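Spelled out, the chains give:
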Amino acid sequence: MKHLTSALAMAAALVGSGAFAWEATEGKPYDGETVHVLAVKSSQFEAHEARLAAFEEATGIDVVYDYVPFPNMKEALTTEMVAGGDYDVVSIMDQWVPSLQMLVQPIDEEVASKAVDLEDFPPAHLRHGRVNGELVGLPVRGHVQLLFYRKDLLEQAGAAVPNTWDEVVSAAKAVQEATDASGIALPYGKLSGQNLMVWINLLWGHGGKLFDEAGEPAFNSEAGIAATEQYVSLLTEEKIAPAGSATFVEQDAVNSFKQGNSAMLPVWWWVRSQLADPEQSKLTAEQIGFTSLPSVGDAPKTTFTNTWIFAVTEGAENKGAAVEYLSWLTDPALEREVLLDEGLSEVVAVHFSNLRDDEVNARWGGMHSAAAEALATAEGMEFGDNWPRVSEILETAISSLASGEEADTATALNHAAEEIKRIR
């Protein structure tokens, strides 16, 4: 009864705020059916599982979870696609959706019948639930990038929190004149495309794209050259990144910030917990501020995202029950309860209603509001089957320019474009 009371309470809260609150299909049409779920191991998903009693009581559906560690998840999904038959619902990371599209099936009509508010999902997340224009899954887990900054260092330097990348340069230089810290920690080294995650935001901000409508490389355009030169110049010309940044990967940049060696850091929001962890950081929570990623001039703000969708498999034996479960799983009320659970440290939100929720932002210091600002105008990434190889080629180009191995931006990007053309 505790779980059912909790469900009713959070439903009432969401109804009061105008957001959708899940309701079971009348008459329990799927009573006695079982939904088998294959999910990547995550404390967020385990928090959902812990709240299943209310769903199972309301629907008569039994939900059984199997968890797989992240390093093994792609292989498990590929095996499921080839062999088939074991699971009704699976979690899939955004980059894998194109290569696993034969694993899942369209659910447009079923989701529409459940009155799921698709407008509540940021487009940058929801796009990964569509394949060839058809809805095959819904976002459940998503990460965004924020600009973290040292409140005390910016105040000491008399610098305002930057809203644009030009203001980042100005603030960084002011910090370097007033303190011993570098202006901003950035990764330029090669590791799983980590040096692309800020660069892509600059590319979008300059009006550029990775690929054109025909799927041909477009990042070597004038906009792409300008974005690349701007990113590399933060290290080579403006000199506001720490020495040695040409080989930095993401964790090196994070370490520079949390050890007090840099004043700003653009990075995933989940990193927030380690930035003020006394066991691994010299900083206190009071020293750390955050805002949405800076824009390029007056261009709309953007953020690189990471999204996990839950999708119904092509071989699902109980499609109706699976969609019933999916509509409960993606209810903003469930997400909100997890966000506000004082016994948990879950920050993930993929609904605008929760990203802008006053109580959620009160608990997390306004971090979700900052994320909502960027997500409101962020289009998100389009990944293809060969994204890992594309990413490797692009990160090599960025690294070669940052290290000085390659001096001409246009040449480096053109070479990358030619390589990518050969594999697409």
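Residues numbered from 1 in each chain as written. Predicted model: local features only at pLDDT ≥ 70, side-chain atom pairs only at ≥ 80, totals over all residues. Heavy atoms only, no water.

Visitor: Give me the overall build of the chain: which residues, what numbers.
Guide: The number of helices and strands found in the chain is 19 helices and ten strands. Expected size for 424 residues packed as a compact globule is a radius of gyration near 22 Å; at 22 Å, the chain falls within 12% of this value. Projected onto its principal axes, the C-alpha positions of the chain cover 70 × 50 × 35 Å. Taking all 424 residues of the chain together, the buried fraction comes to 57%. Taking all contacts inside the chain whose residues are at least 6 apart in sequence as the whole, residues at least 24 apart take part in 72%. (Helix = DSSP H or I, 4+ residues; strand = E, 2+ residues; numbered from the N terminus. Rg over C-alpha atoms; globule rule 2.2 N^0.38 Å. Buried < 20%, exposed > 50% of the residue type's maximum accessible area, 1.4 Å probe, protein only. Contact = heavy atoms within 4.5 Å.)

Visitor: Can you lay out the pattern of salt bridges for me, pointing to particular residues and giving the numbers?
Guide: Tallying each qualifying case throughout the model produces 16 salt bridges. Note that Arg-336 is salt-bridged to Glu-359, the shortest N-O span being 3.0 Å. Here the residue Arg-336 occupies a position in helix H14 (residues 332-340), and Glu-359 occupies one in helix H16 (residues 358-363), the gap between them amounting to 23 residues. Residue Glu-392 is joined to Arg-389 by a salt bridge in which the shortest nitrogen-to-oxygen separation is 3.2 Å. Highlighted residues: Glu-392 and Arg-389, both in helix H18 (residues 387-403), separated by three residues, approximately one helical turn. Judged by relative accessible area, which is 41%, Glu-392 ranks as partly exposed. (Salt bridge = Lys/Arg side-chain N within 4 Å of Asp/Glu carboxyl O.)

Visitor: Got a sec to walk through the confidence of the model for the chain? Specific residues and values, please.
Guide: When pLDDT is averaged across the chain, the result is 94; 95% of the residues are at 70 or more. Across residues 1-19, where pLDDT falls below 50, the model places 22 contacts with residues more than four positions away in sequence or in other chains. (pLDDT = per-residue confidence, 0-100.)

Visitor: Which residues make up the nonpolar core, and what values do they have?
Guide: In terms of nonpolar packing, the biggest core is built from 85 residues, with Phe-148, Trp-199, Leu-210, Phe-219, Tyr-231, Leu-265 and Trp-269 touching the most fellow members. Setting aside residues up to four positions removed in sequence, Trp-269 forms contacts with Gly-142, His-143, Val-144, Leu-146, Phe-148, Val-347, Val-348, Ala-349, Leu-355, Met-367, His-368 and Ala-371. Judged by nonpolar contacts, the second largest core, of 50 residues, contains Val-116, Phe-121, Leu-126 and Val-136. (Core = buried A, V, L, I, M, F, W, Y, C linked by side-chain atoms within 4.5 Å.)

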